[in-house]
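One letter stands for each residue in the lines below.
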Amino acid sequence: MAAKKIKPLNVAIVGATGVVGSTLLSILEERQFPVDQLYLLASARSVGETLDFNNKPHWVENIEHFDFSKTQLCFFCASNEVAAEYVPKAAAAGNIVIDKSSHFRYHADVPLIVPEVNADALANYRLTHIIANPNCNTIPIAMVLKPIYDAVGIKRVNVATYQAVSGTGKDAVTELAEQTGYLLNGLPIKVKVYPQQIAFNVLPHIDDFMENGYTKEEMKIVWELQKIFNDNTLAVNPTAVRVPVFYGHSAALHIETKNKITAADATALLHDAPGVKFHQGKQPYPTPVMDAAGKDDVYVGRIREDISCENGLNLWVVGDNLRKGAALNGVQIAELVIRDYL
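Quick summary incoming for the structure in this document. Since we're looking at a predicted model, the values are computed, not measured.

Looking now at the nonpolar core. If you look at the biggest cluster of nonpolar residues, it comprises 57 residues, and the most contacted ones within it are Phe76, Leu253 and Leu315. The biggest single contributor to this core is helix H4 (residues 138-152), with nine residues. Excluding its chain neighbours within four sequence positions, the residues that come into contact with Leu315 are Val144, Ile148, Ala251, Ala252, Leu253, Ile255, Leu270, Val300, Gly301, Arg302 and Ile303.

Quick look at the structure:
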């Protein structure tokens, strides 16, 4: 049987000048995604900037004036407010829309996709032509849980995340760099992006606090894991922490399985999990800086049985929050749609 011939698509990237948008642009080029015409869209303040794609400069256009009938595929790497206003317009114009914001993630008729975990749910994308990309924490956690969930079931997940500042955006990366330089030189710092100093500090505070005492970032992990696994009985107890790391999120997972699994058996399962690499080296753990940053895989290590719980298992997970945690996952979704549904 001959390979399916892919017709190049006209593609728009909304939020093209942000850290996720620019990463997505580079991944499209790396993976030789079939792009015919490329449109880079942003707010008025970024209009006139240029970004290179396939060795050609592309001007950034104002999203307010863009005609979405020009494109067939749109990646949204922008705020909830931008997504709420423009994603429906792009979908109504006939586009497949892949949205990185959290605005549509919990809509019942919008699939929330991690290709290695629940690609089958993509079949429902035609209901709205919108596909939601999960949170940058949820994606690597779901990928590591998937083979264990399928093998023995998971009753409960306790997770503490350690999240890089790039998850907040360009201004946060600048703030960490500036604060670090000022403090090392004995100068007073400025606090703008975060509520407190982030350099040489950790903040158990990501997004707004909710009435139940959890932050919205923490509740995203709960809501998204339950939707991705299509299992509202999956108990998730999260704590999300911002740490002074530029790129790469980490998570300490403590899970209780429905049936017993040994650390050795879990390790064997994860060796075969798509997109996951079991860390092997002098130290039994991966780190965001040395292993995850700039890489596409999710790394796992320190797999051990919980000495406080008979069916407990502990794992350490790291991944690049801009690549697999955001942009790459979106591109992989698009590749699956092209392959299986167009």
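Moving on from the coordinates now.
Right, let's talk about the packing of helix H1 (residues 19-30) against helix H9 (residues 323-341) for a bit. Relative to each other, H1 and H9 sit at 50 degrees, their axes nearing to 9 Å. With respect to their mutual orientation, H1 and H9 come out oblique. In the packing of H1 onto H9, the handedness of the crossing is right-handed. Residues Val20, Thr23, Leu24, Ser26, Ile27, Leu28 and Glu30 of H1 form the contact with H9, whose own contacting residues are Arg323, Ala326, Ala327, Leu328 and Val331. Tallied by class, the residues present in the contact of H1 with H9 amount to eight nonpolar, two polar and two charged.

Attention now moves to H9. Its maximal kink placed at Asn329, H9 deviates by approximately 40 degrees. Burial of H9 is extensive: 15 of the 19 residues sit out of reach of the surface.

Next up on the list: the sheet that holds strand E10 (residues 249-257). In any sheet, the strands associate via hydrogen bonds between backbone groups, in a parallel or an antiparallel arrangement. The strand order across the open sheet formed by six strands is E9-E8-E10-E13-E12-E11, and the pairing between neighbours is mixed. Single-partner strands in this sheet number two, and they are strand E9 (235-242) and strand E11 (276-278). Here the average twist between neighbouring strands, direction ignored, is 20 degrees. Here strand E8 (residues 154-163) runs beside E10; their pairing, made up of eight bridges, is antiparallel. Paired with Arg156 across the two strands is Glu256, which belongs to E10.

Quick notes on the rules
- Residues numbered from 1 in each chain as written.
- Predicted model: local features only at pLDDT ≥ 70, side-chain atom pairs only at ≥ 80, totals over all residues.
- Heavy atoms only, no water.
- Core = buried A, V, L, I, M, F, W, Y, C linked by side-chain atoms within 4.5 Å.
- Buried < 20%, exposed > 50% of the residue type's maximum accessible area, 1.4 Å probe, protein only.
- Helix = DSSP H or I, 4+ residues; strand = E, 2+ residues; numbered from the N terminus.
- Contact = heavy atoms within 4.5 Å.
- Axes fitted to C-alpha atoms, helices over the stretch in contact; angles between N-to-C directions.
- Parallel < 35°, antiparallel > 145°, perpendicular 65-115°, else oblique.
- Left-handed = near helix turned anticlockwise from the far one by under 90°.
- Nonpolar A, V, L, I, M, F, W, Y, C, P; charged D, E, K, R; others polar.
- Bend = angle between axes of the 7 residues up to and from the residue.
- Pairing = 2+ DSSP bridges.

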